[in-house]
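Architecture and fold: a report
Residues per chain, in single letters:
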Amino acid sequence: AQSVTQLDSQVPVFEEAPVELRCNYSSSVSVYLFWYVQYPNQGLQLLLKYLSGSTLVESINGFEAEFNKSQTSFHLRTPSVHIRDTAEYFCAVRSGMGAQKLVFGQGTRLTINP
Amino acid sequence: EPEVTQTPSHQVTQMGQEVILRCVPISNHLYFYWYRQILGQKVEFLVSFYNNEISEKSEIFDDQFSVERPDGSNFTLKIRSTKLEDSAMYFCASSGPMGTSGGHEQFFGPGTRLTVL
């Protein structure tokens with residue numbers, strides 16, 4: 001069975017500061033990895049995903065995540081956050097062996113201070 | 001841009017009552033899902049549905065729960081006799097054909113907040 005741990009429940013940062021949201025997973029099989037974002041009063045939106053190939057994946061809004069198989073991590077980072085990035089961020093894993101369900105971490109609330 | 005929609009946005013019900021949560025997945029998607037998030041807790045998988053049958057379900061999805069695709073567009077979650085602990089945000093999701101890059105992305109609706117009194 002897979003599990004996902006997001007080590008930080010809340011991360012307050014100042015605008016334009018760099019930030020890293022941590023995600024570790026456990027799985028006995030190959031996995032696909034995802035970061036979803038939930039803006040206030042909205043549903044979950046896919047931010048980026050790792051399926052195969054390059055271990056560094058990027059989103060269109062300045063975020064990137066790196067799949068590290070040896071450390072079983074998929075941390076999300078950006079060099080400069082903006083007020084509009086205020087949201088809850090969820091890391092999720094899906095087995096690469098046919099199961100379709102996503103297993104989510106507990107979420108990290110990113111709060112941007114001006 | 002196509003999106004998953006859910007109705008109602010908020011449902012309040014009395015314990016023991018039946019509720020039906022409705023979802024309209026993206027029109028060309030083949031896989032449908034329900035997840036829930038109890039306040040302050042993780043988003044949890046409930047069930048996946050493909051080709052008019054359940055393909056996977058979690059331990060949470062007991063006999064009190066059922067899903068249905070009554071027509072070509074709607075996907076519903078029914079809770080037969082609600083309990084206080086069923087209070088949560090319920091998310092519907094859908095995804096395209098497996099084997100394509102789009103098949104790996106699940107598109108989520110905005111959720112239905114269920115409150116059981």
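Note: the structure precedes this text.
Residues numbered from 1 in each chain as written. Chains lettered and ligands numbered in written order. Predicted model: local features only at pLDDT ≥ 70, side-chain atom pairs only at ≥ 80, totals over all residues. Heavy atoms only, no water.

**Concerning the pairing of strand S3 (residues 19–24) of chain B**
Residue and element names in this part refer to chain B. Side chains Val 19, Leu 21 and Cys 23 of S3 all project onto a buried face; the interleaved residues Ile 20, Arg 22 and Val 24 project onto a face where none is buried. Where strand S1 (residues 5–7) and S3 come together, three bridges link them in antiparallel fashion. Note that in S3 the partner of Gln 6 across the bridge is Cys 23. Where S3 and strand S8 (residues 75–79) come together, five bridges link them in antiparallel fashion. Note on S8: the bridge partner recorded for Cys 23 is Phe 75. (Buried < 20%, exposed > 50% of the residue type's maximum accessible area, 1.4 Å probe, protein only. Helix = DSSP H or I, 4+ residues; strand = E, 2+ residues; numbered from the N terminus. Pairing = 2+ DSSP bridges.)

**Quick word on the packing of aromatic side chains**
Geometry of an aromatic ring pair is reported as the spacing of the ring centres plus the angle between the planes. Under the definition given, this model contains 18 aromatic pairs over all chains. Relative to Phe104(A), the ring of Phe90(A) lies with its centre 6.3 Å away and its plane at 85 degrees, an arrangement referred to as edge-to-face. Here Phe90(A), found in strand S10 (residues 87–95), pairs with Phe104(A), found in strand S11 (residues 103–104); they are 14 residues apart in sequence, far enough to count as distant. Considered together, Phe90(A) and Phe104(A) belong to a single accessibility category, that of buried residues. A connected cluster of aromatic rings, assembled from ring pairs, spans Phe34(A), Tyr36(A), Phe90(A), Phe104(A), Tyr33(B), Tyr35(B), Phe45(B), Phe91(B) and Phe108(B). (Phe/Tyr/Trp six-rings, centres within 6.5 Å; stacked < 30°, edge-to-face > 60°.)

**Here we look at the sheet that holds S3(B)**
Residues and elements named next belong to chain B. Strand order in the open sheet formed by four strands is S1-S3-S8-S7, with antiparallel pairing between adjacent strands. Each edge of the open sheet carries a strand with a single partner, namely S1 and strand S7 (65–68). With strand direction ignored, the average angle separating the axes of adjacent strands in the sheet is 20 degrees. Pairing between S7 and S8: four bridges, direction antiparallel. Opposite Val 67, over in S8, you have Leu 77 as the bridge partner. (Axes fitted to C-alpha atoms, helices over the stretch in contact; angles between N-to-C directions.)

**Observations regarding the interface of chain A and chain B**
Taken together, the contacts link 20 residues of chain A with 20 residues of chain B. The junction of chain A with chain B conceals about 1,700 Å² of combined surface from both sides, 57% of it contributed by carbon and sulfur atoms. A per-residue breakdown of the area chain A buries against chain B is headed by Leu44(A), Gln100(A) and Phe104(A), which together make up 33% of the total. Taken together, the connections running from chain A to chain B amount to zero salt bridges. The tally of links from chain A across to chain B stands at six residue pairs in polar contact (both at pLDDT 80 or more). For the side of chain A that touches chain B, the secondary structure elements donating two or more residues are strand S5 (31–38), strand S6 (44–50) and S10 of chain A. Looking at the side of chain A that touches chain B element by element, the count peaks at four residues for S5(A). Of the residues that constitute the side of chain A that touches chain B, the class distribution is 11 nonpolar, six polar and three charged. (Contact = heavy atoms within 4.5 Å. Buried area = accessible area lost by both parts, 1.4 Å probe. Salt bridge = Lys/Arg side-chain N within 4 Å of Asp/Glu carboxyl O. Polar contact = N/O pair within 3.5 Å; in protein donor to acceptor, adjacent residues only side chain to side chain. Nonpolar A, V, L, I, M, F, W, Y, C, P; charged D, E, K, R; others polar.)

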